[in-house]
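Spelled out, the chains give:
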Number of protein chains: 2
Amino acid sequence: MELLKERIRKDGVIKEGNVLKVDNFLNHQMDVELFNEIGKEFKRRFADVKVDRILTIEASGIGIAAITAQYFHVPVVFAKKSQSINLDGTMLSAQIESFTHKRRYEVIVASRFLNPGENVLIIDDFLANGCAALGLCEIVEAAHANVAGIGIVIEKGFQHGGKLLRDKGLRVESLAIVDGMDAATQTVQFRE
Amino acid sequence: MELLKERIRKDGVIKEGNVLKVDNFLNHQMDVELFNEIGKEFKRRFADVKVDRILTIEASGIGIAAITAQYFHVPVVFAKKSQSINLDGTMLSAQIESFTHKRRYEVIVASRFLNPGENVLIIDDFLANGCAALGLCEIVEAAHANVAGIGIVIEKGFQHGGKLLRDKGLRVESLAIVDGMDAATQTVQFRE
């Protein structure tokens, strides 16, 4: 998605340790006009797929998933990272290791929001080691629902998450795949 | 907002301890069509106010704020609840006590996403004791920006947050104000 790549080139900041900061348009400040273009592009790429529901994970996936849902006309569910007194009933959970936060945590979805046989599109902002996406897939499988596909805004192509998911036969659509980046020159190489 | 009140009556679940669960349309599963009606209503109520930016707080505020921003044509920033390796530069922070989670935590906004003199509309899903909204106001003030108003989806009118904010001269627009609720009969009294 050319518009997204241009934006990453213009506003992305590369830090040592393979960190790509896109917090001024994607995951702290949100450019909702860009999100609408992202939503349209996900709809275009998954046009041939039946989608009954979008599943994402708090916090940075939520805005993208909500805007994207407008093009699919389906409800969104976001997996929660902490148990709240407002959660009850049967819960589906998975363990996730965060690349950004360098820790493991549990994500939870109330089982009544994922119905057996449904086709679930997973949406997230980043794909790096694939743990978040794999955790969401586990939750979908535990609900006896199907993963219709995985839509990612930015994939770090030099980490193994994308290969891991595609090797499992999952359909992954990443709007920008970064194959390399250099903090010294602040340059990003995208996969063609 | 009648549509919202109807939805709370239909799908809200009241639990002991003044907990109103609206997780099947507002803060776990998200009904994005309803969010669009909420966004339009916020725009109608704040039509006379200059808004340069929307500020919300992760996680449940994000979806509502992103959809609402489409009617204001401004960027959204969400305050983060945890320090990540992706946060750097000057940070503005406030301490917040959560009614739902029964604990204190710090929320953080990168100062470069709130400019001096800007008019900031604060959006959140719930207003109870007012701590989240007050924390966001503190952050806006620390940035030398102005609170243009506070837009709340559901205010618990029997808790003191709404009075606290209005007594400070802040403009609070709550789309539904719950004055009482009864777990035994599953009934909600709305303020007229």
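Definitions and limits used
Residues numbered from 1 in each chain as written. Chains lettered and ligands numbered in written order. Predicted model: local features only at pLDDT ≥ 70, side-chain atom pairs only at ≥ 80, totals over all residues. Heavy atoms only, no water. Salt bridge = Lys/Arg side-chain N within 4 Å of Asp/Glu carboxyl O. Helix = DSSP H or I, 4+ residues; strand = E, 2+ residues; numbered from the N terminus. Buried < 20%, exposed > 50% of the residue type's maximum accessible area, 1.4 Å probe, protein only. Contact = heavy atoms within 4.5 Å. Buried area = accessible area lost by both parts, 1.4 Å probe. Polar contact = N/O pair within 3.5 Å; in protein donor to acceptor, adjacent residues only side chain to side chain. Nonpolar A, V, L, I, M, F, W, Y, C, P; charged D, E, K, R; others polar. Pairing = 2+ DSSP bridges. Axes fitted to C-alpha atoms, helices over the stretch in contact; angles between N-to-C directions.

Concerning the pattern of salt bridges
Thought 1: Scanning the model with the defined rule gives 36 salt bridges over all chains in all.
Thought 2: A salt bridge links R45 of chain A to E41 of chain A; its shortest N-O distance comes to 2.8 Å. You can see R45 of chain A and its partner E41 of chain A sitting in helix α2 (residues 32-45), four residues apart, about one turn around the helix. Summarising the burial analysis for this pair, R45 of chain A and E41 of chain A share the class buried.
Thought 3: A salt bridge links D11 of chain B to R7 of chain B; the shortest N-O distance between them is 2.7 Å. One end of the pair is D11 of chain B and the other is R7 of chain B, both in helix α1 (residues 2-11) and four residues apart, which spans about a single turn. Here the two residues D11 of chain B and R7 of chain B agree in accessibility, since each one is buried.
Thought 4: Overlapping salt bridges bring together E41, R44, R45, D48, R171 and E173 of chain A as one network.

Details of the interface of chain B and chain A
Thought 1: Listed by partner, the interface residues are 42 residues for chain B and 43 residues for chain A.
Thought 2: Both sides of the chain B and chain A interface together cover about 3,600 Å² of buried area, and 57% of this is carbon and sulfur.
Thought 3: Applying the counting criterion to the chain B and chain A interface returns two salt bridges.
Thought 4: A salt bridge links R112 of chain A to D23 of chain B; the shortest N-O distance between them is 2.7 Å.
Thought 5: For the pair chain B and chain A, the number of links is 15 residue pairs in polar contact (both at pLDDT 80 or more).
Thought 6: Put simply, the parts of the chain that give the side of chain B that touches chain A at least two residues each are β2 (19-21), β3 (29-30), α2 (32-45), α3 (60-72), β5 (76-79) and β7 (103-110) of chain B.
Thought 7: Considering each element in turn, the side of chain B that touches chain A owes the most residues, seven residues, to α3 of chain B.
Thought 8: Residue classes in the side of chain B that touches chain A are distributed as 19 nonpolar, 14 polar and nine charged.

Description of the environment of I122 of chain B
Residue and element names in this part refer to chain B.
Thought 1: On the secondary structure map, I122 appears in strand β8 (residues 119-127).
Thought 2: Through-space distance from the C-alpha of I122 to that of V19 is 23 Å; in sequence the pair is 103 residues apart.
Thought 3: Once you skip the residues sitting within four places of it in the chain, I122 turns out to touch L55, A133, L136, C137, V140, V147, G149, I150 and G151.

Points about the sheet that holds strand β5 (residues 76-79) of chain A
What holds strands together in a sheet is hydrogen bonding between their backbones, with the strands either parallel or antiparallel.
Thought 1: Sheet architecture is open: seven strands sit in the order β11(A)-β10(A)-β9(A)-β8(A)-β4(A)-β5(A)-β3(B), paired in mixed fashion. Of all the strands in the sheet, the pair left with one neighbour each is β11 (187-190) of chain A together with β3 of chain B.
Thought 2: Of the strand pairs in this sheet, β5 of chain A and β3 of chain B are connected by two bridges, and their pairing is antiparallel. Residue pairing in the sheet places V76 of chain A in a bridge with M30 of chain B of β3 of chain B.
Thought 3: Contacts from helix α1 (residues 2-11) of chain A reach β9 (146-156), β10 (172-182) and β11 of chain A, with the element oriented near 30° to β10 of chain A.

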